[in-house]
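Working through the structure, step by step
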Amino acid sequence: MTTENNVDWQLVVERGHSTLFLDILFQSQKTALMEQTIGFPFSFGNIQKRGLALRYDRVQLSAAQHVLRTRWQCDGPKVFQDLANACQVSCDALMTLVHLPEFTNLTATRPTLEFLALFDRYVAQMTQHACFIQIMTTAQNELLQIILSRFSEDADEAQTVMRLLTPAYVSERVRSTQDLLALGCEVQGTPHLSDHIKNTSTLDIIATIGTSHPEVWDLIRNHAQTYAWMGRSYFSGPCLSEFEIVDALKELLADKCSEKRDAMSATRAQRRARKELALDRMPDSAELHLLVGVLEKFLHLKDHRLEVMFMAHERVVPLFNFLAQRAHVALDDLLFLTSAEIRACFTTAKPAALMEKAVARQERLSATMINGEIAWDDEQPHEFLTIKPSSVQGGVRRFTGDVCCRGQASGTARVLMGSDDIDRLEQDDILVAPMLVPEIVRGVHKVRAIVTSEGGVLSHAAIVSRELNIPCITGIEDITTTVKDGDFIKVNAETGVVEVYESMEEKLII
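Residues numbered from 1 in each chain as written. Predicted model: local features only at pLDDT ≥ 70, side-chain atom pairs only at ≥ 80, totals over all residues. Heavy atoms only, no water.

Overview of the overall build of the protein
The secondary structure content of the protein amounts to 21 helices and 13 strands. Accessible surface computed for the protein: about 22300 Å², of which carbon and sulfur atoms make up 51%. (Helix = DSSP H or I, 4+ residues; strand = E, 2+ residues; numbered from the N terminus. Areas by Shrake-Rupley, 256 points an atom, 1.4 Å probe, with all protein chains shown as cover.)

Side note on helix H13 (residues 242-253)
Compared with the 16 Å implied by 1.5 Å per residue over twelve residues, the 16 Å span of H13 between its first and last C-alpha is a close match. Considered for burial, the residues of H13 that qualify are Ile245, Val246, Ala248, Leu249, Lys250, Leu252 and Leu253. Looking at the buried side of H13, the elements it contacts are helix H9 (172-188), helix H10 (191-199), helix H11 (202-212), helix H12 (214-226) and helix H14 (257-280). (Expected span 1.5 Å × (residues − 1). Buried < 20%, exposed > 50% of the residue type's maximum accessible area, 1.4 Å probe, protein only. Contact = heavy atoms within 4.5 Å.)

A word on the confidence of the model for the protein
For residues with low pLDDT, the predicted coordinates do not support detailed interpretation. Confidence in the prediction for the protein averages 78 pLDDT; 81% of positions are at 70 or higher. Considering only residues more than four positions removed or in separate chains, one finds that residues 381-394, a stretch of pLDDT under 50, has 26 contacts. Low confidence marks residues 503-510, where pLDDT is under 50. Its contacts with residues over four positions away, or in another chain, come to seven contacts. (pLDDT = per-residue confidence, 0-100.)

Observations concerning the packing of H11 against H12
Close contact between H11 and H12 brings their axes to 6 Å; oriented N to C, the two are set at 125°. Relative to H12, the element H11 lies oblique. Together, Ile206, Ile209, Gly210, Thr211 and Ser212 of H11 and Pro214, Val216, Trp217 and Ile220 of H12 make up the contact between the two elements. Broken down by class, the residue content of the contact of H11 with H12 amounts to six nonpolar, three polar and no charged. (Axes fitted to C-alpha atoms, helices over the stretch in contact; angles between N-to-C directions. Parallel < 35°, antiparallel > 145°, perpendicular 65-115°, else oblique. Nonpolar A, V, L, I, M, F, W, Y, C, P; charged D, E, K, R; others polar.)

Thoughts on the pattern of salt bridges
Applying the stated rule across the entire model yields 15 salt bridges. Residues aspartate 120 and arginine 343 are paired through a salt bridge, measuring 2.8 Å at the closest nitrogen-oxygen approach. Of this pair, aspartate 120 sits in helix H6 (residues 112-130) while arginine 343 sits in helix H17 (residues 339-344), placing them 223 residues apart in sequence. Exposure remark for aspartate 120: the relative accessible area of 30% places this residue in the partly exposed category. Residue arginine 343 is classed as partly exposed on the basis of its relative accessible area of 33%. We note a salt bridge from aspartate 429 to arginine 414, for which the minimum N-O separation is 2.9 Å. Highlighted residues: aspartate 429 in the loop between strand E8 (408-415) and strand E9 (430-433) and arginine 414 in strand E8, separated in sequence by 15 residues. It is possible to trace a salt-bridge network through shared partners that takes in Arg414, Arg424, Glu426, Asp429 and Asp485. (Salt bridge = Lys/Arg side-chain N within 4 Å of Asp/Glu carboxyl O.)

Next comes the structure, spelled out in structure tokens:
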């Protein structure tokens, strides 16, 4: 579809992402706010994409790359260091805001105008923070190209370094896996308790463990409270519960928790040591160390900036609950209104019409920006991504992608198209997905390998796979459209080849 000249972008969202989050994201792309926040005077243009994988179009992307490259030529690494620091400051500012007493000491007796004032402060800070979502990815990729240019005469060494990259700090989602492994190790130290949890239903465990082992129950509850935000998908959905923690614990206890925990720590340390050794052998080693260090900070911020959004939202859920009660609507419905519509709930004579919109948007919504103004619930046509044919030899489909974490694995393919599908992920599956969205990360410890249609060596899938030492291949554009749930799949993350066998007969002749 070719958009009209006066249409800056069009977005079609399936399966109900929170309208409030999209509204905040769209507001952040206004040129003045972008320029004020990060010094880049441009916003999204001519975008038409399913879901939340928003990108600049080619013209805007070229402009972003040109600005970054020009500033790099003038200021060197400082342009990227400043951008990373600005993103970190924004993360800190958002978390400081939501921890203010005004947000933590909410009472139902406060007047509606005070609640709306808090809501406006939250939306304003969140909108400013959202400015970093796309530009950080663009800057990260540009920095990667600058680093790779330093390896122009040694491509193998460049690939070695890229595959050894790790975020500057452990992400909260990876930390949650580490904490669960630590809890699993503690439980395994008490054999009868470990056997009880492995062989008893989750419901019965929840009902009895508080009495039989209160110290373990306290750890489970604390974990659920600490990582409650991980259960939500862009402001919608339930928070992480004790039931999910116990389910995850049961799966971990079926494995060797202590060995897996030690392997995670050892792998990270070994990867860093190998990377440092490879960099030391290169000319201009000092500059390369600096650039790679900044790039690894970008890798951390890629996850952290989103985690901060989700954690901040979890902190202000009580505020949204109060607003929903005052408006006489369900909380989930409130989150499918724009920020202006939420305010209108308290000023319009027809709030029922707004609620009808909210309910409809949970199934599908679309939005079009025309001359800077957003039109919600547009019904303009849209198309989906072009599918490329896969290679088929001897009845086996073969795909080639980018190796992000070495290793080999085989098993049953589980195709997850979004965070709503995470409950279908089973132990020892091969995860196949368009990308590794943050909500899926909490189930990644189950899988033998990760394959995605998008991304590269700096994608979420690449970062998480290296943290957890799971074989990973990315960038196979047609993998999610041709692989089906239940297909037998072999992942060779040494060569970058994925082989798919559709039937049990084909599986048996391997």
